[in-house]
Amino acid sequence: MPTELGSTQTSTMQRVGTPMRAPKTAELIAHHLRRQIVRGDLTPGETLPSEIQLMEQFGVSRPTLREAFRILEAESLIGVRRGARGGARILEPNPMVAARHVGLLLQLQGTTIEDVYEARMVTEPPCARLLAKARTEQDLADMRTLIEDLRTMLAAGFEKTPDPAEWSGITYRFHELIMQRCGNKTLAIQGAVLADIVEIHLQLSVAHAMTETEQPARFQKTVRSYSKLVDHIEKRDGDEAEAHWRRQMEGAKKYLFRFDQQNKPLVDLFG
């Protein structure tokens, strides 16, 4: 019968000596190419050498090289065309790749719609402050273009208003600009990965709102609020931009959740 000390040593050895799988050759090749893409040594639109050249360079067979390609394709880092004129081409980074994985993870964890909105309300107002400090004339022009698009929809009259997808798409793009143009890349990507979740819920809420009698005033108020934010940003008044956008998002949340339970799981939204 082993002593207590012997049992402890055995337990420690089991933890330390956990079997480790050596990476496959295809994974090593994928890692090498991925690193070159991330470092900018391989740029979007650039075509990789032919399979024959890469096989010689890495000293591997065609099946091994193609397995490496499949790994990078699954990560949307390269696109591969088969045939005589085919080959592997470096793709533009796409936040939607991360968005799909994050969206699935949030659904698996039982995340609610309210949880997502709380995360946005923590990050977007500070982004408005950053944008006020870093904004360019192009940023102002792009935001005003979206506001004019919304005004055009309102001027046409709600009986002629396009489907809710158009209104929610423009308004979400306004939110997206705040995140993308604030100068912080981490926050910009964080906003992008939540895009599908936010836009789908916004579209459903707008569809409900368009059936209400007070809808024109409500939508006009939204446009005025957007314009006020742009005024603060133009003046580079970060304090007012952040405070105003926080009030806007708090008010919008109360209104939007009139049509949906706050604790609704994301899986129900996508289902």
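The structure contained in this document is the topic of the report that follows. Note that the structure is a prediction, hence the values are computed from the model and not measured.

### Here's the deal with the overall build of the protein chain
Here is step 1 of the chain: Secondary structure summary: the protein chain contains 13 helices and two strands in total.
Here is step 2 of the chain: Total accessible area on the protein chain is roughly 15800 Å²; 54% of this is exposed by carbon and sulfur atoms.

### Some details on the packing of helix H2 (residues 25–39) against helix H4 (residues 62–74)
Here is step 1 of the chain: Packing of H2 against H4 brings their axes to within 8 Å, and their N-to-C directions diverge by 55°. On the basis of the axis angle, H2 is oblique to H4. In this structure, the crossing between H2 and H4 has a hand that is right-handed. Residues Thr 25, Ala 26, Glu 27, Ile 29, Ala 30, Leu 33 and Arg 34 of H2 pack against Thr 64, Leu 65, Glu 67, Ala 68, Phe 69, Ile 71 and Leu 72 of H4.
Here is step 2 of the chain: Its residues placed into classes, the contact of H2 with H4 shows nine nonpolar, two polar and three charged.

### A closer look at the nonpolar core
It is characteristic of soluble globular proteins that their nonpolar side chains tend to be buried jointly.
Here is step 1 of the chain: One finds Met 143, Trp 167, Phe 174, Ile 178, Leu 229, Ile 233 and Trp 245 to be the most contacted residues of the largest nonpolar core, which totals 29 residues.
Here is step 2 of the chain: Contributing elements (two or more residues each) for this core: helix H6 (113–134), helix H7 (137–155), helix H8 (164–180), helix H11 (215–234) and helix H12 (238–256).
Here is step 3 of the chain: The dominant element in this core, judged by the number of residues it contributes, is H7, at seven residues.
Here is step 4 of the chain: Aside from chain neighbours lying at most four places away, what touches Phe 174 is Met 143, Leu 146, Ile 147, Tyr 226, Leu 229, Val 230 and Trp 245.
Here is step 5 of the chain: Judged by nonpolar contacts, the second largest core, of 18 residues, contains Leu 33, Leu 42, Met 55 and Val 60.

### Describing the packing of H6 against H12
Here is step 1 of the chain: Between H6 and H12, the shortest axis-to-axis distance is 7 Å and the interhelical angle comes to 155°. Here H6 lies roughly antiparallel to H12, going by the angle between them. The element H6 and its partner H12 pack so that their crossing is right-handed. Packed against H6, whose contacting residues are Glu 114, Tyr 117, Glu 118, Arg 120, Met 121, Glu 124, Pro 125, Pro 126, Ala 128, Arg 129, Ala 132 and Lys 133, the element H12 presents Gly 238, Asp 239, Ala 241, Glu 242, Trp 245, Arg 246, Met 249, Glu 250, Lys 253 and Leu 256 at the interface.
Here is step 2 of the chain: Looking at side-chain class alone, the contact of H6 with H12 contains ten nonpolar, one polar and eleven charged residues.

### Some thoughts on the environment of Thr 136
Here is step 1 of the chain: When you line up the elements, Thr 136 lands in the loop between H6 and H7.
Here is step 2 of the chain: Counting along the chain gives 98 residues from Thr 136 to Glu 234, while the straight-line C-alpha distance between them is 8.8 Å.

### Looking at H12
Here is step 1 of the chain: With 19 residues, H12 extends 26 Å between its outermost C-alpha atoms, agreeing within 8% with the 27 Å of an ideal straight helix rising 1.5 Å per residue.
Here is step 2 of the chain: Among the residues of H12, Gly 238, Ala 241, Glu 242, His 244, Trp 245, Gln 248, Met 249, Lys 253, Tyr 255 and Leu 256 are the ones counted as buried.

### Focus: the packing of aromatic side chains
Where two aromatic rings form a pair, the distance of their centres and the angle of their planes describe that pair.
Here is step 1 of the chain: Taken as a whole and assessed by the stated rule, the structure comprises four aromatic pairs.
Here is step 2 of the chain: Ring centres of Phe 174 and Tyr 226 lie 4.2 Å apart, and the angle between their planes is 10°; on these two criteria the pair is classed as stacked. Of this pair, Phe 174 sits in helix H8 while Tyr 226 sits in helix H11; the two residues are 52 residues apart in sequence, bridging distant segments of the chain.
Here is step 3 of the chain: A relative accessible area of 1% places Phe 174 in the buried class.
Here is step 4 of the chain: For Tyr 226, a relative accessible area of 3% corresponds to the buried category.
Here is step 5 of the chain: A ring pair is formed by Tyr 226 and Trp 245, whose centres lie 5.6 Å apart and whose planes are at 55°; its orientation type is tilted. Here Trp 245 lies in helix H12 and Tyr 226 lies in helix H11, a separation of 19 residues in the sequence.

The rules behind each value
Residues numbered from 1 in each chain as written. Predicted model: local features only at pLDDT ≥ 70, side-chain atom pairs only at ≥ 80, totals over all residues. Heavy atoms only, no water. Helix = DSSP H or I, 4+ residues; strand = E, 2+ residues; numbered from the N terminus. Areas by Shrake-Rupley, 256 points an atom, 1.4 Å probe, with all protein chains shown as cover. Axes fitted to C-alpha atoms, helices over the stretch in contact; angles between N-to-C directions. Parallel < 35°, antiparallel > 145°, perpendicular 65-115°, else oblique. Left-handed = near helix turned anticlockwise from the far one by under 90°. Contact = heavy atoms within 4.5 Å. Nonpolar A, V, L, I, M, F, W, Y, C, P; charged D, E, K, R; others polar. Core = buried A, V, L, I, M, F, W, Y, C linked by side-chain atoms within 4.5 Å. Buried < 20%, exposed > 50% of the residue type's maximum accessible area, 1.4 Å probe, protein only. Expected span 1.5 Å × (residues − 1). Phe/Tyr/Trp six-rings, centres within 6.5 Å; stacked < 30°, edge-to-face > 60°.

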